[in-house]
Every structure is written in C-alpha cells, then in structure tokens.
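Single-letter residue listing:
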Amino acid sequence: MEQLNAIVKAVDDFVWGPVMLVLLVGTGIFLTIRTRFLPWRNLGYAIRSTLSKEARTKSRGEGDVSPFSALTTALAATIGTGNIVGVATAMVSGGPGALVWMWISAAFGLTSKFSECMLAIKYREVNEKGEMSGGPMYTMKKGLKNKTFGAIMGWLFAFFAVVASFGIGNMTQGNSIASALKATFSVPTQVTGVVITILALVIIVGGIKTISKVSSVVVPVMAIFYVVCGIIVILGNLSNLPAGIVMIFKMAFSPEAVGGGLCGSIVASMMNAMRYGVARGVFSNEAGMGSAAITAAAATTDNPVRQGYINMTGTFWDTIVVCTITGLAIASSGVLGMTDASGELLQGSDLTIAAFKTILGAPGGWLVSIGITLFAFSTILGWEYHGEKAWEYLFGTHKYNMVYRIVFSLIAYVGCTQTLNLVWNFSDIANALMAIPNLICMLLLSGEIAKDMQAFQPEVERIKAERKAAR
C-alpha cells in the first residue's frame, strides 16, 4: 500500500509540476492576446452585469437557472478551502510573494474562464428531461472539426471529471469540514459525517434548481461575511500593512532567496513564489479546468458571450477578492513564520486562524472554522452538479443521475471520517488530467472565441454608453 501511495504521489507531483502550470497559465496568456485583451477591457462591464437586477431573472433567452445563479453555483464549487487553507499554504511554502503570482495567474485565468464557459453555452444540448446539458465534453464532441478526436477527448474529460468530483469536490472537502469542527468545537468526525451526508442528500436530490437556490444565497452571504471579518483583521493590523505589502512584492520578484521582517523564519525565492502562487491560484479559481463551464451551460441567456462575461467574474471574486483578503490578513498580522508547540511552522487553516485571532481573539478562530465549513460544503454542492453532468454524458442518458446523487452523498461520509492520502492524490491527478483536454480544446477553438467576442463587442459598447448616460 505504501509503495502504491508513493507511486501515486510521484505521478501527482509530475502532473502538477512546471509543465502543467505553464500549460494552464500559457493558455490563458495566449487566449488573452488572441482576444485582444477584451476580457480585461470589459471586466467593469462584466462585474456590473453580474450585479444587475436582470442577472437574477430568467427574462433573456433559454436555460434552467438565472445568470446569477449559474455564476454562484460555479463559485460554490470554486470558493472553498483553497481560499483559506490554500492561500496560507502557498505563503508558507512559496513565501508571501506567492500572493502576487496568484493574482497574475488569475488575470490570465479570466480569459480561460470566459472561453470555456462561453463555448459550453454555445454547444450545449437539451436532454430528454428538458434540462440543459453542457460543458467541455459537449464542446469537444460538437465543436472540434475531427469528430473522432473530439469524441475521445470529450469522453476522457467526462471520466476524469467524475473521478475528480468524488475526490477533490467531495471527500477532501468533507475532510476539511470534519477537521475544522473537531479542532475548534470538538465535534466527533462521525457526527459531522452523518450531518453532511443528510444535508447533501436533501439538497442534491432536488437537482440543479435546488442546488442553485441554496448556492445563490449561501455563496454571497458567506463570502461577504468572510471578507468583512478579514477586512476587520487587516484594519486592526493597519500599522503593519505597508510593510506587509512591500514584503509581498519584494519576495515575489526576488531572484535569490530572501526572508526576515514580517515573515519570520520563512525564506523563499521568486521561482518558489511563482510555483506555489500559480498552483494554489489555479487550484482555488479552477480557471482552465473546465469544471465551471458545466454549470455555466445551465444559465438562461440569449448569447453565449454575454453569459461568458458573467461567469468570467468568478475568477475575479474568488482570487482577486477572497484570496487577497486571506493573504493580506496573514501578511499584516505578523503570524507568518510562527511555529506551534511542537516547533512546526504554522500553515494551512492554523495560520489563517492565528491571523484572525490577532484582532478578533478566540472568536476569530471560530469564524475561520465556520468559514471553512460553509465554503467546503458549498463546494460539495457545486461539484455534485459538475460530476452529475459528466456522468450523464458518459452514459448518454439522465436516467442514472439519481444513482450518482445518492452515491455522491454517501461518499461525503467517508471523506469526513477517513484520511485517505491515496484518494486525495488520485483525485488531484484526475483534476489535472481533466484540464489537459479542456486546454487543448480551447487552443484549437481560440479563433472562434476571438471572432464571437468581436461580434458581441458593439453590444458591450452600447450597454457601457447607456450606463454612462444614466449616471
């Protein structure tokens, strides 16, 4: 068993190594240039569209849920432990400069996210139940010129998405919830497992409409709650903030290993900051993975580009807003580089809890644990939909979806009560492997993406002019 663990870990380290990170960020850079930086130029338009009243209605076009609900369900799957635990881990392993590389990967991730979501809506289908089914697997099957190649790629993507949904989207999240509640409130892991399984089952059995209803309330509320608490911590440590920001930028671009100051005993170089920043950034916002595109396909819209812009903001909210709050709270609180009772460096949720406690005291720890619980549970809901649609694609029918829903809910119990490194590493590999066909597909269809964006640009300019006149 140990030997198998070692092999799987070695494969995991390889697939998430430099090649994968270059492919993910490189695709984002290529698409951003190919689309003439339109996602960056229209980010203001996209954020305003997301927050508009119209985004909460199903008045324009066809689909299962409102544009806003499609975004929040996708965000439910991405705003998770990566925002609390992942940022802290990146800042310990790669130094505080990792935060800058998270921002850089997110900037190019905007275009990747836009592209995969826009294509998913363009090539979506309606199943026998009258529900929308879409995602990279349908884009590959219908959008690529070589149909055999497209069919193989679509099948592989769907298969890896199902595997990833059980691991990264379910068991790892359940484990984070159980660990946080046990450490902070001494709740037995079995009790957490039973509660999570029952709650998941009740919501998931209702399908996308119930999941999106829960997500469109829980995700904005929990994100605002966490951001407000984070801002209080940052303001409380305001005197340290300028030094913290200088340290973040200094360590992001330092060719030699540097340390000291607010980061205690942590020493890191630019290469390390880049590696951990990009890896954790991608893990947090999932841009280029193709998972968010499955949810985007359920949105009610009259134009794939319009919804592509709304879904693209997911990367902005996830990394530029939520991850930044965690990063600045840690950088300004002076807890980076601190050790626990056994002399080990504080990392993961322990580090974020220590940062929040500097201003909020013991309740700061409770807030982070509650945040982890809500974030991780919403990730389970969002990923269930991703996995279910991939499952439906593999079987060619929606008839077995209920089987998937029940098995998925029961697996959450296993995640809460067992620490299975093998499963974690295996699902991590599946996560990387679903990204590869998706990235290849986007590169092959990059001309189409750019053409559709240019065709929609007059509409964007018209809306921008209307908003300016209404001010």
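This text follows the structure it describes.
A few points on the structure. (Residues numbered from 1 in each chain as written. Predicted model: local features only at pLDDT ≥ 70, side-chain atom pairs only at ≥ 80, totals over all residues. Heavy atoms only, no water.)

### Overview of the environment of Val227
As for its placement among the helices and strands, Val227 is situated in helix H11 (residues 207–236). Put simply, Val227 and Cys323 are 96 residues apart on the chain and 9.4 Å apart in space, counted from C-alpha to C-alpha. In contact with Val227, not counting residues within four places along its chain, are Val321, Val322 and Ile325. (Helix = DSSP H or I, 4+ residues; strand = E, 2+ residues; numbered from the N terminus. Contact = heavy atoms within 4.5 Å.)

### Regarding the packing of aromatic side chains
Evaluated as defined, the whole model comprises 18 aromatic pairs. These aromatic residues form a ring-pair network of at least three members: Phe166, Trp391, Phe395, Tyr400, Tyr404 and Phe408. Cation over ring: Arg56 sits above Phe68, and NZ or CZ is 4.2 Å from the ring centre. Against the face of Tyr276 rests Arg275, its NZ or CZ located 4.8 Å from the ring centre. (Phe/Tyr/Trp six-rings, centres within 6.5 Å; stacked < 30°, edge-to-face > 60°. Lys NZ or Arg CZ within 6 Å of the ring centre and 35° of its normal.)

### A closer look at the pattern of salt bridges
Summed over all chains, the structure comprises 14 salt bridges. Here Glu125 ties to Lys142 by a salt bridge, and the two come within 3.9 Å at their closest N and O atoms. Here the residue Glu125 occupies a position in strand S1 (residues 125–126), and Lys142 occupies one in helix H8 (residues 136–143), the gap between them amounting to 17 residues. For Glu125, a relative accessible area of 25% puts it in the partly exposed group. Between Glu131 and Lys129 there is a salt bridge, and its shortest N-O distance comes to 3.8 Å. (Salt bridge = Lys/Arg side-chain N within 4 Å of Asp/Glu carboxyl O. Buried < 20%, exposed > 50% of the residue type's maximum accessible area, 1.4 Å probe, protein only.)

### Some remarks on the state of the cysteines
A full pass over the atoms with the stated rule returns zero disulfides. No disulfide involves Cys229; its nearest neighbouring cysteine sulfur is the one of Cys323, lying 16 Å away. Judged by its relative accessible area of 10%, Cys229 falls in the buried class. (Disulfide = S-S within 2.5 Å.)

### Some words on the packing of helix H4 (residues 43–51) against helix H15 (residues 304–333)
Contact geometry for H4 and H15: axes closest at 8 Å, N-to-C directions at 95 degrees. Considering their axes alone, H4 and H15 lie roughly perpendicular with respect to each other. Facing Leu43, Tyr45, Ala46, Ile47, Ser49, Thr50 and Leu51 of H4, the residues of H15 in contact are Arg306, Tyr309, Ile310, Met312, Thr313, Phe316 and Trp317. Residue composition of the contact of H4 with H15, grouped by class: 10 nonpolar, three polar and one charged. (Axes fitted to C-alpha atoms, helices over the stretch in contact; angles between N-to-C directions. Parallel < 35°, antiparallel > 145°, perpendicular 65-115°, else oblique. Nonpolar A, V, L, I, M, F, W, Y, C, P; charged D, E, K, R; others polar.)

### Concerning the side chain of Ser446
If you trace the backbone, Ser446 turns up in helix H20 (residues 446–470). Assessed through its relative accessible area of 2%, Ser446 is described here as buried. Leaving out residues up to four positions away in the same chain, Ser446 has contacts with Phe30, Leu31 and Arg34.

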